[in-house]
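Breakdown of the fold
The primary structure of each chain is shown beneath.
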Amino acid sequence: MHRDRIGTSPLLPPQAFDVRFTHMTESGKEAREAEVSGGGPLVVLENVNKYYGELHVLKDIDLTIHRGEVVVVIGPSGGGKSTLCRTINRLEPIDGGTIRIDGKALPEEGKALAQLRADVGMVFQSFNLFAHKTILQNVTLGPIKVRKTDKTEAEQRAMELLERVGIASQAEKYPAQLSGGQQQRAAIARALAMRPKVMLFDEPTSALDPEMVKEVLDVMINLAAEGMTMVVVTHEMGFARASANKVVFMADGQIVEENTPGEFFTNARSDRAKDFLSKILTH
Amino acid sequence: MNWDVLLDFSPLADNGDKLLTAFWATIRISLTVAVLSLLIGTLITAMRVSPIRVLRIAGGFYVNTLRNTPLTLVLLFCSLGLSDTLKFKISGTSTVNFFWLAVIGMSFYTAAFIAESLRAGINTVPMGQAEAARAIGLTFTQSLRMVIMPQAFRAVVAPLGSVMIAMIKNTTVVLVASYYEAASLMKDMFEQYGATLPIFIGFAVGFMCLTLPTGFFFGWLAKRMQVAR
Ligand SMILES: Nc1ncnc2c1ncn2[C@@H]1O[C@H](COP(=O)(O)OP(=O)(O)OP(=O)(O)O)[C@@H](O)[C@H]1O
Ligand SMILES: [Mg+2]
């Protein structure tokens, strides 16, 4: 039953979505944690290694992300967070180890990989909306061309999603006409339109002006509450505390610590993490 | 100095219908080459950015070869080489045959320049666009067709206009491939009336009537199609 709700949640009409969000508190997160434990693994990385030439950017990464789980990845610049995120949908190929999504190993480049990528939503730091297409076209392109959804149906659903992220009135505009926060919300809608099994976010708010960070985080918090499986590279502690089930601390290409957000921010186990936290917390 | 001959525009007036026919031939070949060279140029560009190494090499080889060969040579190869030596015939009617041989030569030649412009256009499209396209599950060909190429084209509309203007002027060379168009008529008129200034001016103005609007059109299109980032 839980499975059903998670699987179909992006279909819920906006009202249903909103109702759930208003109740999104710590207790909501705990309820989700109960689900998560029964969720089963969705993304499994085993012994993943990656090099850029001589540079060893991912070192023996083991990471399991369960269905419905929200994992926040945090760590110093150059630690390999983006690379980790990008290997999960094979935007970056790996040099060793295995990555499985829903039990299936990532295929080689080609049709099968494209199909798999359709199941993995990705949100970039720089939004990357298609500059020559309207917001609505951005959101419907994937469903129409990859999922072969009928155009009217795709547009109807795109409008629902845009409504949900609060930019339905911008549907006919081009990306450059929108603010950063609006663009990022459009990018989230574009990813959601594919009905992904998991969503990857690579520093989704770090290119935004401070006043726009909240509007994007709110959408993400709602999404998490709805049961979406998420991997989020971010330094937004507010988000981590509100939504994350797990914090993964990465430095020098290694996972140094995996912890609950509560424990991690107040009582980190590793010295690397303590050191890092003292730096980001003091300003 | 004989000022009468210098200012005598009557040869142009007397050959009005021939002029129209000749320039119509120029227009016909220009339009056909424009369409074909855009198709070939796009295909070559796709090869040059494809993930398959052999295609990339072949595309690069094509552009470098055609771009660095004189058009006259390409056309002579088409007319003499293809038609006379290799007996390659598109049609039994010789005028139709020469038209298409000239079109083939000019299209393959012009495509190299279009491919070069387009590749510059692709370089203006940020990496993130291709990544976002792949991330929503578009295949390589789909991303190229729906995301990268449309933006690359928009970025190079103006330079493509220059390629088109050069192409229209290059049609004057197809007389070596035996296709009769404006330049061929000019040559005939020179033989008949002598190379007078009015004939030069007449043909120059004729070509400007084709190239200036082309330039304005591409300039307008470039503005209209521009992608805001
Ligand atoms: N395409 C590339 N080619 C070569 N080296 C790269 C490439 N991309 C990243 N790197 C290097 O790999 C290392 C890890 O980079 P990555 O972007 O994953 O770090 P990050 O943790 O996301 O950092 P940041 O917080 O700055 O985004 C860095 O040293 C970076 O310079
Ligand atoms: Mg990064």
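Of the regular secondary structure elements, chain B holds 11 helices and zero strands. Helices and strands in chain B line up, N terminus first, as α-α-α-α-α-α-α-α-α-α-α. If one aligns the C-alpha atoms of chain B with their principal axes, the spans along those axes are about 70 × 45 × 30 Å. Split into buried and exposed, the 229 residues of chain B put 45% on the buried side.

The predicted model of chain B averages 91 in pLDDT, with 98% of residues at 70 or higher. Two numbers describe this predicted complex: its pTM, 0.86, and its ipTM, 0.85.

For the rest of this paragraph, the subject is the sheet that holds strand β1 (residues 41-52) of chain A. Residue and element names in this part refer to chain A. The strand order across the open sheet built from four strands is β2-β1-β4-β5, with neighbouring strands paired in antiparallel fashion. If you trace the sheet from one side to the other, it starts and ends with β2 (55-66) and β5 (104-105), each paired once. As paired elements, β1 and β2 share eight bridges and run antiparallel to each other. Its bridge partner being in β2, valine 43 is matched across the sheet by isoleucine 65.

Residues and elements named next belong to chain A. All residues adjacent to ligand 1 are Tyr52, Leu55, Val57, Pro76, Ser77, Gly78, Gly79, Gly80, Lys81, Ser82, Thr83 and Glu203. Separating an oxygen atom of ligand 1 from a backbone N or O atom of glycine 80 is a distance of 2.9 Å. One of the side-chain N or O atoms of lysine 81 is found 2.8 Å from an oxygen atom in ligand 1. Secondary structure elements with two or more residues in the shell around ligand 1: β2 and α4 (81-88). For the shell around ligand 1, the element with the highest residue contribution is α4, accounting for three residues. For the shell around ligand 1, the residue count by class is four nonpolar, six polar and two charged.

Moving on, we get to the packing of helix α7 (residues 127-135) of chain B against helix α8 (residues 140-155) of chain B. Residue and element names in this part refer to chain B. Axis separation between α7 and α8 bottoms out at 10 Å; the angle between their running directions is 160 degrees. Judged by the angle between their axes, α7 and α8 are roughly antiparallel. By crossing handedness, the relation of α7 to α8 is classed as right-handed. Of α8, the residues touching α7 (which contributes Gln129, Ala130, Ala133 and Arg134) are Ser143, Val147, Ile148 and Gln151. Of the residues assigned to the contact of α7 with α8, the class counts are four nonpolar, three polar and one charged.

Glancing now at the pattern of salt bridges. Residues and elements named next belong to chain A. This structure, assessed with the given rule, holds 20 salt bridges over all chains. With its nearest N and O atoms 3.6 Å apart, the salt bridge here joins arginine 90 to glutamate 108. With arginine 90 in the loop between α4 and β4 (96-101) and glutamate 108 in the loop between β5 and α5 (111-118), the pair connects residues that are 18 residues apart, well separated along the chain. Owing to a relative accessible area of 14%, arginine 90 belongs among the buried residues under this scheme. Salt bridges sharing common partners tie together Arg67, Asp102, Asp119, Arg147 and Lys197.

All names here are of chain B. Take asparagine 123: it is sitting in helix α6 (residues 94-124). Residue asparagine 123 is classed as exposed on the basis of its relative accessible area of 62%. In this structure the C-alpha to C-alpha distance between asparagine 123 and serine 79, which are 44 residues apart in sequence, comes to 37 Å.

We now examine the pairing of strand β3 (residues 70-74) of chain A. All names here are of chain A. Burial runs high along β3: five of the five residues are buried. Residues of β3 alternate between two faces, with Val70, Val72 and Ile74 on one and Val71 and Val73 on the opposite face, all of them buried. The pairing of β3 with strand β8 (residues 229-233) spans four bridges and is classified as parallel. Bridging across to β8, valine 71 finds its partner in valine 231. Note: β3 against strand β9 (residues 246-251), four bridges, orientation parallel. Bridging from a neighbouring strand, isoleucine 74 pairs with phenylalanine 249 of β9.

About the criteria used
Every residue gets a number counted from 1 within its own chain, in the order that chain's sequence is written. In the order they appear in the text, chains get letters beginning with A and ligands get numbers beginning with 1. It should be noted that, the model being predicted, local features are given only for residues of pLDDT at least 70 and side-chain atom pairs only at 80 or more, the latter also being counted only at that level, while totals for whole chains, interfaces and linings use all residues. For side-chain calculations, the full set of non-hydrogen atoms in the structure is used, while hydrogens and water are omitted. A run of H or I in DSSP becomes a helix once it reaches four residues, and a run of E becomes a strand once it reaches two; helices and strands are each numbered from the N terminus. For the exposure calls, accessible area comes from a 1.4 Å probe over protein chains only, and a residue counts as buried if that area is under 20% of its type's maximum, exposed if over 50%, partly exposed in between. For every residue, the predictor reports its confidence as pLDDT, a number between 0 and 100. The pairing criterion is simple: DSSP has to find at least two bridges between the two strands. To be near a molecule or strand, a residue needs just one of its heavy atoms within 4 Å of it. Under this definition, polar contacts are N or O atom pairs within 3.5 Å; protein pairs additionally need one hydrogen-donor-capable and one acceptor-capable atom, and for neighbouring residues in sequence, both atoms have to be side-chain atoms. Throughout this entry, Asp, Glu, Lys and Arg are counted as charged residues, while Ala, Val, Leu, Ile, Met, Phe, Trp, Tyr, Cys and Pro are counted as nonpolar. The remaining residues, Gly among them, count as polar. Axis definition: a line fitted to C-alpha atoms, over the contacting stretch in the case of helices. Angles run 0 to 180 degrees between N-to-C directions. In what follows, roughly perpendicular refers to angles from 65 to 115 degrees, roughly parallel to angles under 35, roughly antiparallel to angles over 145, and oblique to any angle outside these ranges. Less than a right angle of anticlockwise turn of the near helix away from the far helix marks a crossing as left-handed, whereas a clockwise turn marks it as right-handed. Contacts were defined at the residue level, with two residues in contact if any of their heavy atoms lie within 4.5 Å. When a carboxyl oxygen of Asp or Glu lies within 4 Å of a side-chain nitrogen of Lys or Arg, that pair is called a salt bridge.

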